[in-house]
Structure formats: C-alpha cells, structure tokens
Amino acid sequence: MLQKEKHNDLLQNALNIKKRFLQMYQAANAGHIGSSLSCAEILTFIRFGWMNETDEIILSKGHAAASLYSLLAEDGTLSQSDIETYYKNNTYLAAHPPAGKIKRIPFATGSLGHGLSIAAGLGLASKLKKNGKKVFCVCSDGELNEGSTWEAALFIVHQKLKNIVWFIDRNKLQGFGRTEDVMQMEPLADKLKAFGFEVLEADGHDFNSFEKVKDSFNEATKPIAVICNTIKGRSWKQFEDKLDSHYLPMKDNMFDSINAEIELHYQQTLIK
Ligand SMILES: Cc1ncc(C[n+]2csc(CCOP(=O)(O)OP(=O)(O)O)c2C)c(N)n1
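The following paragraphs examine the structure supplied in this document.

Calculation criteria
Residues numbered from 1 in each chain as written. Predicted model: local features only at pLDDT ≥ 70, side-chain atom pairs only at ≥ 80, totals over all residues. Heavy atoms only, no water. Helix = DSSP H or I, 4+ residues; strand = E, 2+ residues; numbered from the N terminus. Contact = heavy atoms within 4.5 Å. Near = heavy atom within 4 Å. Polar contact = N/O pair within 3.5 Å; in protein donor to acceptor, adjacent residues only side chain to side chain. Areas by Shrake-Rupley, 256 points an atom, 1.4 Å probe, with all protein chains shown as cover. Nonpolar A, V, L, I, M, F, W, Y, C, P; charged D, E, K, R; others polar. Expected span 1.5 Å × (residues − 1). Buried < 20%, exposed > 50% of the residue type's maximum accessible area, 1.4 Å probe, protein only. Pairing = 2+ DSSP bridges. Axes fitted to C-alpha atoms, helices over the stretch in contact; angles between N-to-C directions. Parallel < 35°, antiparallel > 145°, perpendicular 65-115°, else oblique. Left-handed = near helix turned anticlockwise from the far one by under 90°.

This next bit is on the side chain of Arg20. The topology assignment puts Arg20 in helix α1 (residues 4-28). Ignoring sequence-local partners within four residues, the contact set of Arg20 consists of Ser70, Ala73, Glu74, Gln80 and Ile83.

The full set close to the ligand counts 16 residues, and Ser35, His63, Gly110, Ser140 and Lys232 are the nearest of them. Between a nitrogen atom of the ligand and a main-chain N or O atom of Leu112, the distance comes to 3.0 Å. Contact with the protein chains removes 74% of the 590 Å² of surface that the ligand exposes when unbound. Within the shell around the ligand, the residues separate by chemical class into two nonpolar, 10 polar and four charged.

Here helix α6 (residues 147-158) spans 17 Å end to end across 12 residues, near enough to the 16 Å set by a 1.5 Å rise per residue. Within the sequence span of α6, burial applies to Ser148, Thr149, Trp150, Ala152, Ala153 and Ile156. On its buried side, α6 packs onto α5 (115-129), β3 (164-170) and α8 (188-195). Taken from the residues just after α6, Lys160 is the one with a positive phi, measuring 55°.

Remark on secondary structure: sheet strands pair via backbone hydrogen bonds, oriented parallel or antiparallel. If you walk across this open sheet you meet the five strands as β1-β2-β3-β7-β6, and the pairing is parallel. The open sheet is flanked by β1 (56-59) and β6 (198-203), the only strands paired with a single partner. This sheet shows a mean twist of 20° between the axes of neighbouring strands, independent of strand direction. Looking at chain direction, strand β2 (residues 135-140) and β3 are connected through six bridges and run parallel.

Another aspect to go through is the packing of helix α2 (residues 33-50) against helix α9 (residues 207-219). For the pair α2 and α9, the least separation of the axes is 10 Å and the interaxial angle reads 55°. Regarding the angle of α2 to α9, the classification is oblique. Considering how the two elements wind past one another, α2 and α9 form a crossing that is right-handed. Where α2 approaches α9, its residues Glu41, Ile42, Thr44, Phe45, Gly49 and Trp50 are matched on the opposing element by Phe207, Phe210, Glu211, Val213, Lys214 and Phe217.

Below, the discussion takes up unusual backbone geometry. Here the residue pair Glu186 and Pro187 is connected by a cis peptide bond, since its omega of 0° sits within 30 degrees of zero. Within the fold, Pro187 resides in the loop between α7 (179-182) and α8. With phi around 75°, Tyr87 is a residue other than glycine that occupies positive phi space. Along the chain, the position of Tyr87 falls in the loop between α4 (80-83) and α5. For Lys130, which is not a glycine, the phi torsion comes out positive at approximately 55°. One can find Lys130 in the loop between α5 and β2.

The next subject is the side chain of Ser235. Here Ser235 shows up in the loop between β7 (224-229) and α10 (254-269). Each residue touching Ser235, except ones within four places of it in the same chain, is listed here: Glu240, Glu261, Ile262 and His265.

Interpretation in functional terms is not warranted from these geometric data alone.
Structure, rendered in structure tokens:
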C-alpha cells in the first residue's frame, strides 16, 4: 500500500496531467481524449511512482501523445511555452511523438504495433551493458492485433528481458469497435502466459494496484506483462467506455464539463 501522501501526490500529478492535455486538445480543437484518459494513471505511476532518471518510457500508443507531452511538462522536461506549440506549425509536439526531438522521446511511435519492439531493443541493450536501466512500454490493446507486437513478445521472453515492464492498456475498445468484435483476444492472460510472461493484472486507474505490480516485478522470475484494466474516457461520464471518446473535437461546453468531472473524481479519490 502506498502512503497516503504519496497516493495523493500521484493523484494530483494525474489531475494536472489530464487538465493540461485537455487544454492542449481544446486549443487544437480535437484530440484522442478517451485514449489519453485511459492511460493517464499508467503514465503518471511510471514517471512519478516507479522509474529512475535513466529509465525509458515508450508510449507505443502514440496517438495519445498529448498525455505523454503533458507528463513531460509535469516533470519539467517541457515548458508551458513548449506545450502551447502543440499541434501548431513547426512544432516538435506533433500529434504523434517524433523521434529524437524531445528529451525522453528517443523514438517515433504511433504507427501502432512497433513500440514493444523498440522496448525490446532498448531492454536488450541495457541487459548487455548491465546498466540497470528499465524500459516501460505502454501498448494499447488494439496493438495486440499486430503480428509485430507478438514477435517482440517472443523476443523479450527468449532474451529473458526482465528489465522491461510491458503495460497493456486494456480498455477493450479500439479505433473501430470493441476489441473482442474486431479480433478476439481473450483469454489474453493465458495467451501471454503461454508466450512465457509472468502476467499481472491491475486496475489501470488505481495507484495502489500499480504499487502491487511494482512489488511483484521485483520478485518476478520471468519478463512481466501487466494487463491494466482501464476505461476509455475515464471519469468523463458521457463518454466512458464509448467508442466515440476515441478522437473527437472539443465542442460546446465539453472542455468545462470534462474538467469539472475529473476534478470531482479527484476529490472523491483523495484519501482524507
Ligand atoms: C499501424 C496503424 N494503423 C492504424 C492506425 C490508426 N489508428 C490510430 S489509433 C487506432 C486505434 C486505437 O485503438 P487502440 O489501439 O486500442 O488504442 P486506445 O483504445 O488505447 O486508444 C488506429 C487504428 C495507426 N495509428 N497505426
């Protein structure tokens, strides 16, 4: 269990990150709002609850780039003026993360299905160099439709890359429907186990659940895969678990209503 202060600090980070990316989507007039709300706590925990300075984050579901940029503003890597360039002409803060332009984003992602291979390469390099670096990779469940993801999974197990933490944002929705309708994935945990992973399940919006994953990682004898049960459009009631939350313009009073809902959710989740 996390200490109350740590838990509440993480909640505050997550709230700031969400408010910032909503502002970015508002300014851009559109964005992957549901996708970003789905992975906000995963990213927050990786950065502020787990990783060391030299570790790497690969956001394989690069369409949620604004959540990553917002995370990097939360830790001071990006400034507010950088953030304000999002989606504008000549910016590095493009709709998908570009390669090597922004500190902590070494590779481009967003052509789905490639992030786990990048993580595997980084993980192997770190293992060979014995530098203790961990690699956190966040994939969407839609990326499990891609053969390249499973090829990387085979490689990670074959090379015994226990320095990789593979998070699967399991919101059960992808761009054009429910994952189980587009391409059946269940029983996902069994599939991952059959590939040779130690499979952990987490409530993908709960920091205490991630803390347990962290403890298990330290004791794991195999590479781990974490199925994070998440809700696309989390805490935005009208769009929670709705396909429409995937990508949409901010219209009418949407910005104000989402902000009010995430603020309320924050107040309800704070440990008093
Ligand atoms: C190779 C590739 N094909 C198609 C797309 C277009 N695309 C962007 S997001 C998306 C699907 C999003 O669903 P999922 O991958 O499950 O992500 P999440 O639900 O977490 O947003 C698609 C097909 C892409 N970015 N890359």
